[in-house]
Amino acid sequence: MKLRRLLDALSVYLPLIVMALLASGSWWLVRSAPTMVYPESDPPLRQDPDYRLSDFSVKSFNQNGQMVRELSGKTAQHFPATKALHIEKIRIFAQNESGDRLLAQAQQGIARDDGTQVTLLGGAQAIQRPQANRPPIELRGDRLIALPDEDQVVSDDPVRITRGADIFTANTMSFNSRTGAYTLQGRVRGSLAAKSAQP
């Protein structure tokens, strides 16, 4: 009889005992599991300018102390999100070791922080001074991209090139300011001035 009563009591409390064991086992598993560490996400970059400039000029010099580049503008705003300086009334002066000089200007400009690219927008113009063996070269377009480290001026938009008295137009262009050579692509047209007769 006592055995039967014990079995009856166990049958009543057995589900509660099992639930208690499962609950304590789950608690132990949670406490024993390693804590997952998630890397902190980078804070979002601010979209507004972090500094502004007015009537400024930035110059670069080579190891000999010679100025090789100058960038100036009326106003400028730096955007950390794009790592670029947006410039109004931009002007650029560049000179290489050979003495070749390039002057460029536009209504607006966007200069990368690393100095590898400057985009000229709105009435963009770049002029290379005449050299002993070549006439002055002028580039005009709505958008010109200067690559200072490569001595290149490129454009994927229509451009007009004036070389001395010769005039060319093209859909795209790549100009090497060191050699004076340029590559024109797309719809290329040219007007060559007649050479004067030699006496």
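Our subject is the structure listed above.
We now turn to the structure provided with this report.

Quick word on the pairing of strand 7 (residues 152-155)
Bridge count for strand 6 (residues 137-147) against strand 7 is three bridges, and the pairing is antiparallel. In the sheet register, Ile 145 faces strand 7, and the bridge partner there is Val 154. The hairpin formed by strand 6 and strand 7 contains four residues between the paired strands, and Asp 151 there has a positive phi angle of roughly 50°. Here strand 7 pairs with strand 10 (residues 172-176) via four bridges, running antiparallel. If you follow Gln 152 over to strand 10, its bridge partner there is Asn 176.

Concerning the pattern of salt bridges
Scanning the entire structure with this criterion turns up five salt bridges. Note that Arg 140 is salt-bridged to Glu 138, the shortest N-O span being 2.5 Å.

As for unusual backbone geometry
Glycine aside, residues mostly have negative phi, and peptide bonds are mostly found in the trans state. Phi is positive for Lys 83, which is not a glycine, with a value near 55°. Residue position: Lys 83 is located in the loop between strand 2 (67-79) and strand 3 (84-95). Classification of Lys 83 by relative accessible area gives exposed; the value is 55%.

A short note on the nonpolar core
Counting residues in each nonpolar core, the largest one holds 27 residues, and the members touching the most others are Leu 120, Leu 139, Leu 144 and Met 173. Within the residue set of this core, elements represented by two or more residues are strand 2, strand 3, strand 4 (101-112), strand 5 (118-128), strand 6, strand 8 (159-163), strand 9 (166-170) and strand 10. The contact partners of Leu 120, leaving out residues within four places of it in the chain, are Ile 90, Ile 92, Ala 104, Gln 105, Ala 106, Gln 108, Gln 125, Asp 142, Arg 143 and Leu 144.

Section: the packing of aromatic side chains
Per the stated rule, a full pass over the model turns up two aromatic pairs. Ring plane angle 55° and centroid distance 6.2 Å describe the contact between Phe 168 and Tyr 182, whose orientation is recorded as tilted. Of the two residues, Phe 168 sits in strand 9 while Tyr 182 sits in strand 11 (residues 182-185), which places them 14 residues apart along the sequence. For the pair Phe 175 and Tyr 182, a centre-to-centre distance of 6.4 Å together with 35° between the ring planes defines the contact as tilted. Every member of this aromatic cluster is reached through a ring pair, and the members are Phe 168, Phe 175 and Tyr 182.

Looking at the side chain of Asn 176
Checked against the element boundaries, Asn 176 lands in strand 10. Within the structure, the side chain of Asn 176 is placed 3.0 Å from the backbone nitrogen of Thr 179, a separation counted as a polar contact. For Asn 176, the contacting residues outside a window of four places in its chain are Asp 151, Gln 152 and Ala 181.

So, the environment of Thr 119
Mapped onto the secondary structure, Thr 119 falls in strand 5. Distance from Thr 119 to Gln 108, taken between C-alpha atoms, is 8.3 Å for residues 11 residues apart in sequence. Here Gln 117 takes part through its side chain, which lies 3.4 Å from a polar atom of the side chain of Thr 119.

Reading the values: rules and limits
- Residues numbered from 1 in each chain as written.
- Predicted model: local features only at pLDDT ≥ 70, side-chain atom pairs only at ≥ 80, totals over all residues.
- Heavy atoms only, no water.
- Pairing = 2+ DSSP bridges.
- Helix = DSSP H or I, 4+ residues; strand = E, 2+ residues; numbered from the N terminus.
- Salt bridge = Lys/Arg side-chain N within 4 Å of Asp/Glu carboxyl O.
- Buried < 20%, exposed > 50% of the residue type's maximum accessible area, 1.4 Å probe, protein only.
- Core = buried A, V, L, I, M, F, W, Y, C linked by side-chain atoms within 4.5 Å.
- Contact = heavy atoms within 4.5 Å.
- Phe/Tyr/Trp six-rings, centres within 6.5 Å; stacked < 30°, edge-to-face > 60°.
- Polar contact = N/O pair within 3.5 Å; in protein donor to acceptor, adjacent residues only side chain to side chain.

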